[in-house]
Amino acid sequence: MGTPAIRTDHLTKRYGDVLALDGLDLEVQPGEVFGFLGPNGAGKTTTVRLLLSLLRPTAGRAWVMGVPVEDVVRAHRHLGYVPGEVALWPQLTGAETLELLGNVAGGVDTALRDELVERFRLDPGLRVRAYSKGNRQKVMLVAAFMTRPDVLLLDEPTAGLDPLMEAEFQALVREAAAQGRTVFLSSHLLDEVEDVCTRVAILREGRLVEVATLDALRRMGSLVLDAEFDGGPDSAAPDPADLAALPGVVSAEPHAGGLRVVVAGSPAPVLARLAAAGVARLHSHEPTLEEVFLGYYEATAGQQGAVAAAHDRGL
């Protein structure tokens, strides 16, 4: 497959007694949009900073486009970076900031820069101190994309953006991937990752617990069955507790006037029980990335409800 765009070998970082990243072995290929998932404190930002050589690893190594990350001058020629927390020079205008960042990067596609400014609806004549959080984020996104880097390291890149600008960002990510560039997207926004990523990694307490395509992750997960009952004489919704006791059932809960049953393994026992209860309508689907993610983190019912509410859908 050629030289990976990003490779890590047992990459480890400790802060005293705290193990922030534990033996990360990872390969990301050119042209991939790779999602790096985990809650706050999982080690996502630590990984990005190690790739940028802003931190020194406790153990292990990392490479960008075959260049050791500790060779900062050579490695950074391949990189564009957007941090989750943007700090810029308040006295400079947006245009001056982009010029300075472009000079540091060593070269800018000025036509692309101007196009990005328009697409993100950024007023480059304002001073940074007058920008909102979202507009500061736009400056960094323009700065990262305008150099056409081989690898984009994006750490929570849409913080502060409105939905229209989030859609513009996603379009840019797809365009970059189509041009053979690699996007490493560290995020806790599952909808965003699900929309643009080809593969994802799930990080938990500094350890890599899974790397797979979205389709493969869903196949490894459970089957979700939504059952509705019309209330006729031969139709009565079974007790969720009775369904939960069946082999392979992960959960059974009331949902949208019927029942939602999550099954791992064969759904035959559940289907037989639902058929005997006179189910009127039955819809099945693979789990969303959100549901898979929660499964890896052994979320409580309360946590599932909170995440579902944040994404405007039930689990």
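What you see is a predicted model, and the numbers here were worked out from it, not measured in a lab.

## Digging into the overall build of the protein
Within the protein, the regular secondary structure consists of 12 helices and 14 strands. In the protein, buried positions account for 45% of the 315 residues. Across the protein, contacts joining residues at least 24 apart in sequence account for 68% of those joining residues at least 6 apart. Of the roughly 14,900 Å² of accessible surface on the protein, 51% is carried by carbon and sulfur atoms.

## Section: the environment of Val200
Checked against the element boundaries, Val200 lands in strand E9 (residues 199–204). Look at Val200 and you get buried, because its relative accessible area is 1%. Counting along the chain gives 11 residues from Val200 to Val211, while the straight-line C-alpha distance between them is 5.8 Å. When neighbours within four sequence positions are excluded, Val200 is seen to be in contact with Phe34, Gly35, Leu37, Val193, Glu210, Val211, Ala212, Leu214 and Leu217.

## A closer look at the packing of aromatic side chains
For the coordinates displayed, the defined rule picks out 2 aromatic pairs. Aromatic pair Phe36 and Phe184: ring centres 5.0 Å apart, planes at 40 degrees, arrangement tilted. Highlighted residues: Phe36 in strand E3 (residues 33–37) and Phe184 in strand E8 (residues 182–187), separated in sequence by 148 residues. Judged by its relative accessible area of 0%, Phe36 is buried. For Phe184, a relative accessible area of 1% gives the class buried. Taken together, the aromatic side chains of Phe34, Phe36 and Phe184 make up a single cluster linked through ring pairs.

## A few points about the pattern of salt bridges
Taken as a whole, this structure holds 11 salt bridges when the rule is applied. Taking the shortest distance from any N to any O, the salt bridge between Arg119 and Glu175 comes out at 3.0 Å. Residue Arg119 is found in helix H4 (residues 110–119), and its partner Glu175 is found in helix H6 (residues 163–178); the two are separated by 56 residues along the sequence. Judged by its relative accessible area of 17%, Arg119 falls in the buried class. Here Arg260 and Asp226 are joined by a salt bridge, their closest N and O atoms 2.6 Å apart. Of the two residues, Arg260 is situated in strand E13 (residues 258–263) and Asp226 in strand E11 (residues 223–228); the sequence distance between them amounts to 34 residues. The network of salt bridges with common partners includes Glu115, Arg119, Glu168 and Glu175.

## Let's talk about the sheet that holds strand E4 (residues 59–64)
Pairing is antiparallel in the open sheet, where 4 strands are placed in the order E2-E1-E4-E5. Edge positions in the sheet fall to strand E2 (18–28) and strand E5 (67–68), since each of these pairs with one other strand and no more. Pairing of strand E1 (residues 6–15) with E2 involves 7 bridges; the strand directions are antiparallel. In the strand pairing of E2, Ile6 is matched with Val28. The strands touched by helix H1 (residues 44–51) are E1, E2 and E4; relative to E1, the strand with the most contacts, the crossing angle is about 115 degrees.

## Considerations on the sheet that holds E8
Pairing between the strands of a sheet comes from backbone hydrogen bonds, and it takes one of two forms, parallel or antiparallel. Taken in spatial order, the 6 strands make up an open sheet running E6-E7-E8-E3-E9-E10, and their pairing is mixed. Taken across any chain shown, the strands that pair with only one partner, and hence form the sheet edges, are strand E6 (79–82) and strand E10 (207–213). Strand-to-strand, the axes of this sheet are offset by a mean angle of 15 degrees, without reference to chain direction. As judged from the 5 bridges shared by E3 and E8, these two strands associate in the parallel manner. Looking at the pairing, Leu37 lines up with Ser187 of E8. Helix H5 (residues 133–145) contacts E6 and strand E7 (151–155) of the sheet and is inclined by roughly 175 degrees relative to E6. Against the sheet, H6 touches E3, E7 and E8, its axis set at about 145 degrees to E8.

Rules and cut-offs
- Residues numbered from 1 in each chain as written.
- Predicted model: local features only at pLDDT ≥ 70, side-chain atom pairs only at ≥ 80, totals over all residues.
- Heavy atoms only, no water.
- Helix = DSSP H or I, 4+ residues; strand = E, 2+ residues; numbered from the N terminus.
- Buried < 20%, exposed > 50% of the residue type's maximum accessible area, 1.4 Å probe, protein only.
- Contact = heavy atoms within 4.5 Å.
- Areas by Shrake-Rupley, 256 points an atom, 1.4 Å probe, with all protein chains shown as cover.
- Phe/Tyr/Trp six-rings, centres within 6.5 Å; stacked < 30°, edge-to-face > 60°.
- Salt bridge = Lys/Arg side-chain N within 4 Å of Asp/Glu carboxyl O.
- Pairing = 2+ DSSP bridges.
- Axes fitted to C-alpha atoms, helices over the stretch in contact; angles between N-to-C directions.

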